[in-house]
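Listed below are the residues making up each chain.
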4 protein chains.
Amino acid sequence: MNTDFHARSFSLLSEQLGAKGIKAAELVSRISAFQIAVPSWALGAGGTRFGRFSIGGEPRNLEEKLEDIGLLSKLTKRTDAVSLHIPWDIPQDSQAVKQKAASLGISFDAMNSNTFQDYGQPLSYKMGSLSNSDSAVRAQAVEHNLQVIDIGKSLGSKGLTVWLADGSNFPGQAHFRKALQWTTESLKEIYAEMPHDWKLLLEYKPYEPNFYHTVIPDWGTSALICRQLGDRAKVLVDLGHHLPNTNIEQIVATLMHQNLLAGFHFNDSKYGDDDLSTGSVKPYQLFLIFCELIGGAAEGAQAWDSISWMIDASHNTKDPLEDLIQALEAISQAYAKALLVDREKLTQCQNEGDVVGAQEVLQEAFLTDVRPLVREARIQSGGEAAPLDFYRREKIRESLIAKRGKNAQASGL
Amino acid sequence: MNTDFHARSFSLLSEQLGAKGIKAAELVSRISAFQIAVPSWALGAGGTRFGRFSIGGEPRNLEEKLEDIGLLSKLTKRTDAVSLHIPWDIPQDSQAVKQKAASLGISFDAMNSNTFQDYGQPLSYKMGSLSNSDSAVRAQAVEHNLQVIDIGKSLGSKGLTVWLADGSNFPGQAHFRKALQWTTESLKEIYAEMPHDWKLLLEYKPYEPNFYHTVIPDWGTSALICRQLGDRAKVLVDLGHHLPNTNIEQIVATLMHQNLLAGFHFNDSKYGDDDLSTGSVKPYQLFLIFCELIGGAAEGAQAWDSISWMIDASHNTKDPLEDLIQALEAISQAYAKALLVDREKLTQCQNEGDVVGAQEVLQEAFLTDVRPLVREARIQSGGEAAPLDFYRREKIRESLIAKRGKNAQASGL
Amino acid sequence: MNTDFHARSFSLLSEQLGAKGIKAAELVSRISAFQIAVPSWALGAGGTRFGRFSIGGEPRNLEEKLEDIGLLSKLTKRTDAVSLHIPWDIPQDSQAVKQKAASLGISFDAMNSNTFQDYGQPLSYKMGSLSNSDSAVRAQAVEHNLQVIDIGKSLGSKGLTVWLADGSNFPGQAHFRKALQWTTESLKEIYAEMPHDWKLLLEYKPYEPNFYHTVIPDWGTSALICRQLGDRAKVLVDLGHHLPNTNIEQIVATLMHQNLLAGFHFNDSKYGDDDLSTGSVKPYQLFLIFCELIGGAAEGAQAWDSISWMIDASHNTKDPLEDLIQALEAISQAYAKALLVDREKLTQCQNEGDVVGAQEVLQEAFLTDVRPLVREARIQSGGEAAPLDFYRREKIRESLIAKRGKNAQASGL
Amino acid sequence: MNTDFHARSFSLLSEQLGAKGIKAAELVSRISAFQIAVPSWALGAGGTRFGRFSIGGEPRNLEEKLEDIGLLSKLTKRTDAVSLHIPWDIPQDSQAVKQKAASLGISFDAMNSNTFQDYGQPLSYKMGSLSNSDSAVRAQAVEHNLQVIDIGKSLGSKGLTVWLADGSNFPGQAHFRKALQWTTESLKEIYAEMPHDWKLLLEYKPYEPNFYHTVIPDWGTSALICRQLGDRAKVLVDLGHHLPNTNIEQIVATLMHQNLLAGFHFNDSKYGDDDLSTGSVKPYQLFLIFCELIGGAAEGAQAWDSISWMIDASHNTKDPLEDLIQALEAISQAYAKALLVDREKLTQCQNEGDVVGAQEVLQEAFLTDVRPLVREARIQSGGEAAPLDFYRREKIRESLIAKRGKNAQASGL
């Protein structure tokens, strides 16, 4: 990073934006304020059903996971929270963990329950958990979620994310309506026990790990359930959880229209739930999503602060920390570009049926090189101007391997 | 059709079913009772944006359309209603039309409005109709729907089908939330004027003729609007209106779970809204949909009689009447097969997690050759044993061409 | 299975077919002759990246895998060969294994190499194998394939199946043309060492485990490489390895047109490479594929005997042996139905542009209940009339668990 | 456009690029040299099967089409050729047309034949043209193509683009292998009569207007045919002609690897062959395609000059001229960004398995705001700095309407 070029680029961009009535300082301030949580399972190498390739130096326990996120926070200044997964991250000593996190400037984002795997619990989730036809299995799955809430309470978390993998692989295997009904009832039990200042973030996903039907396949089903739970239950959007060609930005708008958007799991994909780095495949889509978010908040559909932000990708061939640095940068850029949209002019084009003009307004924002803004925000916040360069220059992965070992493997998938 | 083979096949099948406690006579009676409406625009050749190939002898007016459906009814005994489209089918004399239809045993199914084309009305629908940012255009579109209701009242129809093509081709062109809000408000005005014994059937479709966003793209959005309208507004499922790989049978179940299924537009497709003959590409999917319908009705989720049935295909390379005969046969077969499902055994498999057994139950029904049942139903109702053979043997298309001309073209797309 | 009903159904069907000039005995004979290989990895429970649920009693070694296939063969008479995977199935004593297989009536179908996982070899396949930019890795991968050939030779196999997972997760990661070139060169080295009576079966797959690009993504690329290798290299079609909406039966025809079809990996899917039981989701597609196979062979495009047949599914929620019984049955049915197609009449319809008639010809075959034919073939061959019933009645899985243990896990994914 | 800002932006960008060893002047020169043809049918409003909305002032004949392209050329300096469609653009007087074009600086790109519609020719193309089972229809379609070549010769064109819509709507309708064989033979006849300095550009498309099978559905089939024709037959890539999720940039690389890339039809899409403005939905994909093109040419796979460039979009809701201005700008930007890729560094990352680094190299190029380069190229060539602003300011559409009428409709779809 050439410091001089940064200064001059930022200066020229500020001047250009200023000529349009946009204050660069304000943009920098908003970019600085935008923080994205990192899930604890994202710090190790991911894998596919065909195998997994180790990265080396992965965090061996919750404390080391916090340290990795602390590092990310120090370098990028774009993340200040971790999202834990139970049972992968059960803290031995909640107070100690909480203090350690605080010392690193990290708080606890939404907790994640796991009823899609068997990890020693009495009854198997092979045929489903919250939707299981056996009430004992459902009760066990509800109980697990309540335990997750308890752990979260001890850490200061304020949310429970439920990704329900339940579904079926073959026609006939499941009873669609009963499964939906049982799921709703199970979630009602969980919701009833959730603290009043918590929210429930309910994911949807059309397929995988079940390949014929999933109990909560789309936003409509998730919203249907949330409406029956109460105001604090909202729909979580994972960018990879959609059928081919879905217009995700429209779903975001529709959810905000109903004040039903819980938040995001950021990633990118070309085929399915590929869990690639956000912004690496469809950066324009990410920009359009942020346009809806900013517009929806500005126009009062749903408050910005009511939305949760989290990365959820699988780092199969990249160093997870490098991947997260890239993801945080991509999200910041998409956000910054969306902030540049001349919304007044856009509205005018929309009202006048000026399709060409509306496209120009979006392109004007998207084509702008906002890296000077994002970099300035990072520098002003005390982060690194070029975090990835720093990470490599300082040989951080090498240090982690030296400390934790070549074969250290983080808990998770 | 060999009469002897039919008698013996039906006899052996009846015996086999009887051994399982299924009464063939009852099945025949249910198949006979199941009637599917035909849309008035399905009697002429369809086309694509690349052109249209004439079929010859197409009905030149509403009366001739009724005659074609009357013929279909006489041959197949599987259809007893027509679904009209305004402005393509404005009757000059409603009473005369009604009498003609009655004489052919045809009643008037749901009416269809058209706000996706410009056909001389004062304001253009180029930028949308019920969702248009211009309130004058919205008012005009609402007024058109009210006129359609009026025409329908004069004919004895009891429903209004709204397919809203509104949407946008490019990011930025439309304001998602406003478009949704305006659409809801427009529909509220229409709903308010709808007779109390009518229902509103609201379609959804992800794309085409708009290729970036459609205002009502999925069942969730349609249901969201219907809930704001009232009990008599329900979601219409057109089989071709889904993204790739959608589990349509699950959507059917989810809608019935909410008592929100208005009915069907039957067709088949491999890629998008291909509008091919029902059952010609994915017959197993059609069977699975009927399994959900029968199960949902049997278990009290939604009453069978509250659901509307209509064919909606585009006959680009087939004689429309032959295509409709094939479609009615395919629907009857799927229905008959679904009636054969041993629901008690299926429930048992589902409760025991017997995935293999559940598949066997469905396969047992699907693999059964139900043509003897469907044929017997047709014969008992006074139809033709082999309608397609009859149609060809009697050279009906040739007669229609002789009467109506080689270049007669039905109104429609 | 009611013996009387079978006899009478078979008799009536035979008579009906006879009236059309089709000899049932000949059909039974062809169905009996059609044998499908089973892969060694299909005998244990499969899994997804989110976990795996054990089935119990899985074969613990190659010998037990052979025993399972021997059992399948005895019950169904539809399989007589196993396809081994190296390194999962390295025989300790090839002669002993060969004898054991022979005693069970099992021969050795194509061998499968594995360069998509790290299992202790010196160089990692993380960044690819046959396409790796590092020539040492490519050499290692070539060498592995040569070892697989050697093992295959010792067992009497006559083919090598190469599924190359190589590809990339992100734009920029791989050099498309170089990767293709290196792959071609690596395969040339393997092909050169392959015995003259062997064939090389080259798979294609659009994505997974790589989610941006796969080196051999489609039939066109596989064919391009095969053409450069020689006559004994042909394209393997795995039914799950296609983008949404692909017309697979057309690909089969196009490959046969070039005499380039190596064979099949049978499975079914709704979304991606779901690896569900063949025929469980899209039975009509399977029928259409067999129509092309039978037509292509009958008309001299490619010899039937030159095509290899194998099941390749992942049994995540079903007992693998039960699943295989269902798959073998579904394949036999699709084959039997395709044999019923009146090809002369179909040709006539095609030549006359009789689209409706052509559909009728296919439907006439598909709607026929061919279970009496398939059952008769099985009985005449000495198998069980109802293999699944037998398997359950005899409590075979329970016996296997008793013998091998609840937690026995087969090698594989 | 603020002239001062342009100058300073261009200056700073030049300096920044210079620091990396990239000469801005050279980039400007390459951008200036890159010209994209415009099809004659793109100058009027497009439509869907559901209707068409007029734009007003559309060119009423070939001369007016040339004038529109002349205007585009004058404003943007990015197009210097027209691609004609027969029978829509049959010139009355070839010499006069040629002179008129020359006076506007326009030459004649590849000619397009049309055997997908009936426009009065003796035999119908309803059941196909070059693939028709009737040899007389095939002969007629071949003859039409030869006439198109003749017209093209009289105008100085050097290519024939064949988009073959032939296919089928239902299983059984077509004989896949015969249709492929007949198509190949028909194309051989056309190729044999093509002048030696012409090339044949063969398109592929998976579906529409046929919805079950298309004779040339994918690049593999197109390449298969081209190989049988000869060196001057190559594969044309239309960006909208792919199944969901296709990696188009890889296809481009694979075709260049074989020296088989004929050229492009630029457009963009979200669902199918949506024919939206290039770069309006997936700008990153367009950039990646240009990366392959530049890399393939630079590394000698296929010569840049051997590739044809054409826009092919349908302007349903935009003024066609404005749309084309946006498209030319988007293509120029994608090209300019791809020119910025540090190919040496990219190669290094690829060789070292540095996935993160490779992504950074591409992002560095894509995130750069290249509008100063594209604008500078336009200015230096004598075009308008801001063509769209100019077009609107000068009220060009209004003038065209005044001259040609509100209801003038261009020939085409």
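Rules used in this analysis
Residues numbered from 1 in each chain as written. Chains lettered and ligands numbered in written order. Predicted model: local features only at pLDDT ≥ 70, side-chain atom pairs only at ≥ 80, totals over all residues. Heavy atoms only, no water. Axes fitted to C-alpha atoms, helices over the stretch in contact; angles between N-to-C directions. Helix = DSSP H or I, 4+ residues; strand = E, 2+ residues; numbered from the N terminus. Parallel < 35°, antiparallel > 145°, perpendicular 65-115°, else oblique. Left-handed = near helix turned anticlockwise from the far one by under 90°. Contact = heavy atoms within 4.5 Å. Buried < 20%, exposed > 50% of the residue type's maximum accessible area, 1.4 Å probe, protein only. Pairing = 2+ DSSP bridges. Right-handed = clockwise from strand over helix to strand, strands pointing away. Buried area = accessible area lost by both parts, 1.4 Å probe. Salt bridge = Lys/Arg side-chain N within 4 Å of Asp/Glu carboxyl O. Polar contact = N/O pair within 3.5 Å; in protein donor to acceptor, adjacent residues only side chain to side chain. Nonpolar A, V, L, I, M, F, W, Y, C, P; charged D, E, K, R; others polar. Least-squares fit on C-alpha atoms with pLDDT ≥ 70 in both. UniProt positions renumbered as here; feature names shortened; annotations may be inferred.

Quick look at the packing of helix α2 (residues 24–33) of chain D against helix α13 (residues 371–380) of chain D
Residue and element names in this part refer to chain D.
Right, on to step 1. Between α2 and α13, the shortest axis-to-axis distance is 8 Å and the interhelical angle comes to 65 degrees. It follows that α2 is roughly perpendicular to α13 by the angle criterion. Of the two elements, α2 crosses α13, and the hand of that crossing is right-handed. Residues A24, L27, V28, I31 and S32 of α2 touch α13, and the partners they reach there are L373, V374, E376, A377 and Q380.

Let's talk about the pairing of strand β12 (residues 261–266) of chain C
All names here are of chain C.
Right, on to step 1. In terms of residue burial, β12 counts as a mostly covered element, since 6 of its 6 residues are buried.
Right, on to step 2. With 4 bridges joining them, strand β11 (residues 233–238) and β12 adopt parallel strand pairing. By the bridge assignment, V235 is partnered in β12 with L261.
Right, on to step 3. The β-α-β motif built from β11, the intervening helix α8 (residues 248–257) and the parallel element β12 has right-handed crossover chirality.
Right, on to step 4. Pairing geometry for β12 and strand β13 (residues 308–311), over 4 bridges, is parallel.

Remarks on the interface of chain C and chain D
Right, on to step 1. Contact with chain C, which involves 51 residues of that partner, is made by 52 residues of chain D.
Right, on to step 2. Between chain C and chain D, roughly 4,300 Å² of surface is buried when both sides are summed, and carbon and sulfur atoms account for 57% of that area.
Right, on to step 3. Linking chain C with chain D are 2 salt bridges, by the criterion used here.
Right, on to step 4. A salt bridge links E299(D) to R177(C); its shortest N-O distance comes to 2.8 Å.
Right, on to step 5. Taken together, chain C and chain D are joined by 22 residue pairs in polar contact (both at pLDDT 80 or more).
Right, on to step 6. Within the residue set of the side of chain C that touches chain D, elements represented by two or more residues are α6 (176–193), β10 (213–214), α7 (219–229), α8, α9 (283–298), α11 (343–352) and α12 (355–367) of chain C.
Right, on to step 7. Here the side of chain C that touches chain D is composed, by residue class, of 21 nonpolar, 23 polar and 7 charged.

Some remarks on the relation of the copies chain A and chain B
Right, on to step 1. Superposition of chain A onto chain B requires a rotation of 180 degrees combined with a translation of 0.0 Å along the rotation axis, giving an RMSD of 0.0 Å. Within this description, the copies of the chain are treated as partners about a two-fold rotation axis. Scanning chain A for the C-alpha nearest the rotation axis identifies G220(A), at a separation of 2.1 Å.
Right, on to step 2. A high fraction, 100%, of the interface residues of chain A reappear at the interface in chain B, so the copies pair face to face through one surface.

Notes on the sheet that holds strand β5 (residues 107–108) of chain B
Residues and elements named next belong to chain B.
Right, on to step 1. Pairing is parallel in the open sheet, where 3 strands are placed in the order β1-β4-β5. In this open sheet, the two strands that pair with only one neighbour each are β1 (38–39) and β5.
Right, on to step 2. Note: β1 against strand β4 (residues 81–83), 2 bridges, orientation parallel. Looking across to β4, one finds that P39 is bridged to S83.

Some thoughts on the environment of I36(B)
All names here are of chain B.
Right, on to step 1. Here I36 is to be found in the loop between α2 (24–33) and β1.
Right, on to step 2. Among the residues examined, I36 registers a relative accessible area of 0% and is labelled buried.
Right, on to step 3. In this structure, the C-alpha to C-alpha distance between I36 and L201, residues 165 residues apart in sequence, is 16 Å.
Right, on to step 4. The residues touching I36, leaving out its near neighbours within four places in the chain, are R78, T79, D80, F266, W309, M310, I311, L328 and I331.

Observations concerning the interface of chain A and chain B
Right, on to step 1. Of the residues lining the interface, 51 residues belong to chain A; the matching set on chain B comes to 51 residues.
Right, on to step 2. The tally of links between chain A and chain B comes to 2 salt bridges.
Right, on to step 3. Across the chain A-chain B interface, the total number found is 22 residue pairs in polar contact (both at pLDDT 80 or more).

Comments concerning the UniProt feature "domain: Xylose isomerase-like TIM barrel" (unreviewed entry) in chain A
Right, on to step 1. The positions UniProt marks with the feature "domain: Xylose isomerase-like TIM barrel" (unreviewed entry) are residues 88–275 of chain A.
Right, on to step 2. Structurally, residues 88–275 of chain A is divided into 37% helix and 15% strand, and its ends, taken at the C-alpha atoms, are 19 Å apart.

Let's talk about the sheet that holds strand β6 (residues 111–112) of chain C
Residue and element names in this part refer to chain C.
Right, on to step 1. Taken together, 6 strands build an open sheet; the order of strands is β6-β7-β9-β11-β12-β13 and the sheet is parallel. Every other strand in the sheet has two partners, leaving β6 and β13 as the edge strands with one partner each.
Right, on to step 2. In this structure, β6 lies alongside strand β7 (residues 159–162), joined through 2 bridges in parallel fashion. By the bridge assignment, M111 is partnered in β7 with L160.
Right, on to step 3. Docked against the sheet, α9 engages β12 and β13, running at close to 160 degrees with respect to β12.

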